[in-house]
Amino acid sequence: LWEYRHAGAAAACWLQARSGRVTGISGIDETRQSEGVLAVEVAAQPGDTLTHVIDERSRDTLGYVAVVAEDGESALALARAAAARVHIQTTAMLD
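It should be emphasised that the depicted structure is a prediction, and the values quoted were computed from it without experimental measurement.

So, how was this worked out
Residues numbered from 1 in each chain as written. Predicted model: local features only at pLDDT ≥ 70, side-chain atom pairs only at ≥ 80, totals over all residues. Heavy atoms only, no water. pLDDT = per-residue confidence, 0-100. Helix = DSSP H or I, 4+ residues; strand = E, 2+ residues; numbered from the N terminus. Core = buried A, V, L, I, M, F, W, Y, C linked by side-chain atoms within 4.5 Å. Buried < 20%, exposed > 50% of the residue type's maximum accessible area, 1.4 Å probe, protein only. Contact = heavy atoms within 4.5 Å. Pairing = 2+ DSSP bridges. Axes fitted to C-alpha atoms, helices over the stretch in contact; angles between N-to-C directions.

A word on the confidence of the model for the chain. Per-chain confidence: the chain averages 88 in pLDDT, with 84% of residues scoring 70 or above. The weakest mean pLDDT in the chain belongs to helix H2 (residues 56-60) at 63; the strongest belongs to helix H1 (residues 28-32) at 97.

Our next topic: the nonpolar core. Counting 21 residues, the largest nonpolar core has Leu-15, Val-40, Val-42, Val-65, Val-67 and Ile-88 as the members making the most contacts within it. Where this core is concerned, the elements lending two or more residues are strand S1 (9-14), strand S3 (37-42), strand S5 (63-69) and helix H3 (72-85). The leading source of residues in this core is H3, at four residues. Not counting residues up to four positions away in its chain, the partners in contact with Val-42 are Leu-15, Ile-25, Ile-28, Leu-62, Gly-63, Val-86 and Ile-88.

Another aspect to go through is the sheet that holds strand S6 (residues 87-91). Reading across from one edge, S4-S2-S6 is the order of the three strands in this open sheet, with antiparallel pairing throughout. Where the open sheet ends on each side, the last strands, each with one partner, are strand S4 (49-50) and S6. Looking at chain direction, strand S2 (residues 20-26) and S6 are connected through five bridges and run antiparallel. Directly across from Gly-24, in S6, lies its bridge partner Gln-89.

On the basis of which strands lie adjacent, the open sheet formed by three strands has the order S1-S5-S3 and antiparallel pairing. A single partner strand is all that each edge strand has here, and the edge strands are S1 and S3. In this sheet, neighbouring strand axes are inclined to one another by 10° on average, regardless of whether the strands run parallel or antiparallel. Relative to S5, S3 is paired through five bridges, and the arrangement is antiparallel. Within S5, the residue paired with Val-37 across the bridge is Val-67.

Turning our eyes to something else, we now look at the side chain of Thr-31. Within the secondary structure, Thr-31 is located in helix H1. Not counting the four nearest positions on each side in its chain, Thr-31 is found in contact with Val-37, Val-40, Val-65, Ala-82, Arg-85 and Val-86.

As structure tokens, then:
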């Protein structure tokens, strides 16, 4: 895990993707270098099969971003923007 001391606010946002087979992941390095970003963790890998997000366990299989900012509203906006820059591409499975 990561440790960071900041006199402001922090927020996390879970990554999202459509269900199916993961064909690619992009935006991780750029997002990690963005202002305020503490962590970008992506658990899904190309070739993984993603199901519909129905609970915390399935949500947590994708990953998250964590950020810091001066206040809560800014941290939440920054976390959402950072998560939107990470793209998990999938293709539908007809099994």
